[in-house]
Amino acid sequence: LAKTTQPISMDSYEGQEVNITCSHNNIATNDYITWYQQFPSQGPRFIIQGYKTKVTNEVASLFIPADRKSSTLSLPRVSLSDTAVYYCLVGDLMNTGFQKLVFGTGTRLLVSP
Amino acid sequence: NAGVTQTPKFRVLKTGQSMTLLCAQDMNHEYMYWYRQDPGMGLRLIHYSVGEGTTAKGEVPDGYNVSRLKKQNFLLGLESAAPSQTSVYFCASRGRDGELFFGEGSRLTVL
């Protein structure tokens, strides 16, 4: 299972774009990259998932370079409500066999006025 | 659609007591997971299951047991609670598209 490394914390201001990078040097061919958001006292919730290049949805974009050894979650124009912990998860999510899904330490994003 | 429901949401135990946390999902998911999260820390995988009747150890399985007798339920048991098991416990289920759905958490305090 690919080990992930993220910055422990990041600070930003309202209206700015935030980019959080996750390193996963030993990502396997069948691994997908998924990002989750967690607010205090809540369970994590899915943000975005991708395999390669770029994925965009209504809340974020995910950039994955050709070698797939890292990925970047991009949050456009953050607001105070985006203050949360963001986790990068790498794994063969389509595998029907035993799959440990191990989270990294996460990045604590603080958005200030 | 309730999603993933955890019971109880709060519990206080004395050292040595036993208890069971229940996780129920109504999405017909095969895969279910139990994580613990200590204050200010990330999620650590305790046990997981890839289907009814199956279980497997995660990163920190010691002191916990699990059972998956029914597809919709994943039980986490503490046979003899210790203060080190004070934590918030999260259950998650996963569908075939890979997305994890988490419950609201169960806050356990062991005195």
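For the structure given in this document, a descriptive report is provided here. (Residues numbered from 1 in each chain as written. Chains lettered and ligands numbered in written order. Predicted model: local features only at pLDDT ≥ 70, side-chain atom pairs only at ≥ 80, totals over all residues. Heavy atoms only, no water.)

Concerning the overall build of chain B
In step 1: Scanning chain B from terminus to terminus reveals 0 helices and 11 strands.
In step 2: In chain B, the order of α-helices and β-strands from amino to carboxyl end is β-β-β-β-β-β-β-β-β-β-β.
In step 3: Scaling as 2.2 N^0.38, a compact globule of 111 residues should have a C-alpha radius of gyration of about 13 Å, and chain B matches this with 13 Å.
In step 4: Taken over the C-alpha atoms alone, chain B extends approximately 40 × 25 × 25 Å along its principal axes.
In step 5: Per-residue burial over chain B gives 52% buried out of 111 residues.
In step 6: A separation of at least 24 residues holds for 52% of the contacts in chain B among residues at least 6 apart in sequence.
In step 7: Total accessible area computed for chain B in this model is approximately 5,200 Å², and 52% of it derives from carbon and sulfur atoms. (Helix = DSSP H or I, 4+ residues; strand = E, 2+ residues; numbered from the N terminus. Rg over C-alpha atoms; globule rule 2.2 N^0.38 Å. Buried < 20%, exposed > 50% of the residue type's maximum accessible area, 1.4 Å probe, protein only. Contact = heavy atoms within 4.5 Å. Areas by Shrake-Rupley, 256 points an atom, 1.4 Å probe, with all protein chains shown as cover.)

Some words on the interface of chain B and chain A
Accessible area lost when the parts come together is the quantity often used to give the size of an interface.
In step 1: With 28 residues of chain B at the contact, the number on the chain A side is 24 residues.
In step 2: Summing both partners gives a buried area of about 1,900 Å² for chain B against chain A, and 56% of it is carried by carbon and sulfur.
In step 3: Taken together, the links from chain B to chain A amount to 0 salt bridges.
In step 4: The tally of links between chain B and chain A comes to 5 residue pairs in polar contact (both at pLDDT 80 or more).
In step 5: Only strand 4 (31-37), strand 5 (43-49), strand 6 (56-57), strand 9 (87-94) and strand 10 (100-102) of chain B provide two or more residues apiece to the side of chain B that touches chain A.
In step 6: Per element, the largest residue contribution to the side of chain B that touches chain A is 4 residues, and it comes from strand 4 of chain B.
In step 7: Taken together, the residues of the side of chain B that touches chain A break down into 12 nonpolar, 8 polar and 8 charged. (Buried area = accessible area lost by both parts, 1.4 Å probe. Salt bridge = Lys/Arg side-chain N within 4 Å of Asp/Glu carboxyl O. Polar contact = N/O pair within 3.5 Å; in protein donor to acceptor, adjacent residues only side chain to side chain. Nonpolar A, V, L, I, M, F, W, Y, C, P; charged D, E, K, R; others polar.)

Considerations on the pairing of strand 4 of chain B
All names here are of chain B.
In step 1: Along strand 4, 7 of the 7 residues are buried, which leaves the element largely enclosed by surrounding structure.
In step 2: Neither face of strand 4 is exposed, since Tyr-31, Tyr-33, Tyr-35 and Gln-37 on one face and Met-32, Trp-34 and Arg-36 on the opposite face are all buried.
In step 3: Across 7 bridges, strand 4 lies against strand 9 in antiparallel orientation. The residue bridging Trp-34 from the neighbouring strand is Cys-91, located in strand 9.
In step 4: Bridge analysis of strand 4 against strand 5 gives 6 bridges, and the strand direction is antiparallel. When the sheet's bridge partners are listed, Trp-34 is paired in strand 5 with His-47. (Pairing = 2+ DSSP bridges.)

Focus: the packing of aromatic side chains
In step 1: Counted under the stated rule, the structure contains 11 aromatic pairs over all chains.
In step 2: Centre to centre, the rings of B:Tyr33 and B:Tyr35 are 6.3 Å apart; their planes meet at 25°, and the pair counts as stacked.
In step 3: Taking the relative accessible area as the measure of exposure, B:Tyr33 reaches 1% and is therefore buried.
In step 4: Residues B:Tyr64 and B:Tyr89 carry aromatic rings whose centres are separated by 5.8 Å and whose planes lie at 65° to one another, so their mutual orientation is edge-to-face. One end of the pair, B:Tyr64, is in the loop between strand 6 and strand 7 (65-67); the other, B:Tyr89, is in strand 9, and 25 residues separate them in sequence. The pair B:Tyr64 / B:Tyr89 is uniform in exposure class, with both members buried.
In step 5: An aromatic cluster is present here, built from A:Tyr36, A:Phe46, A:Tyr87, A:Phe103, B:Tyr33, B:Tyr35, B:Tyr48 and B:Phe102 joined pairwise through their rings.
In step 6: Directly above the aromatic system of A:Tyr51 lies the positively charged group of A:Arg68, at a separation of 3.9 Å from the ring centroid. (Phe/Tyr/Trp six-rings, centres within 6.5 Å; stacked < 30°, edge-to-face > 60°. Lys NZ or Arg CZ within 6 Å of the ring centre and 35° of its normal.)

Examining the sheet that holds strand 8 (residues 73-78) of chain B
Residue and element names in this part refer to chain B.
In step 1: The 4 strands are arranged 1-3-8-7 in an open sheet whose pairing can be described as antiparallel. Each edge of the open sheet carries a strand with a single partner, namely strand 1 (4-7) and strand 7. Taken pair by pair, the neighbouring strands of this sheet meet at an average axis angle of 20°, ignoring direction.
In step 2: One ladder, built from 4 bridges, connects strand 1 with strand 3 (residues 19-25); its direction is antiparallel. Note on strand 3: the bridge partner recorded for Gln-6 is Cys-23. (Axes fitted to C-alpha atoms, helices over the stretch in contact; angles between N-to-C directions.)

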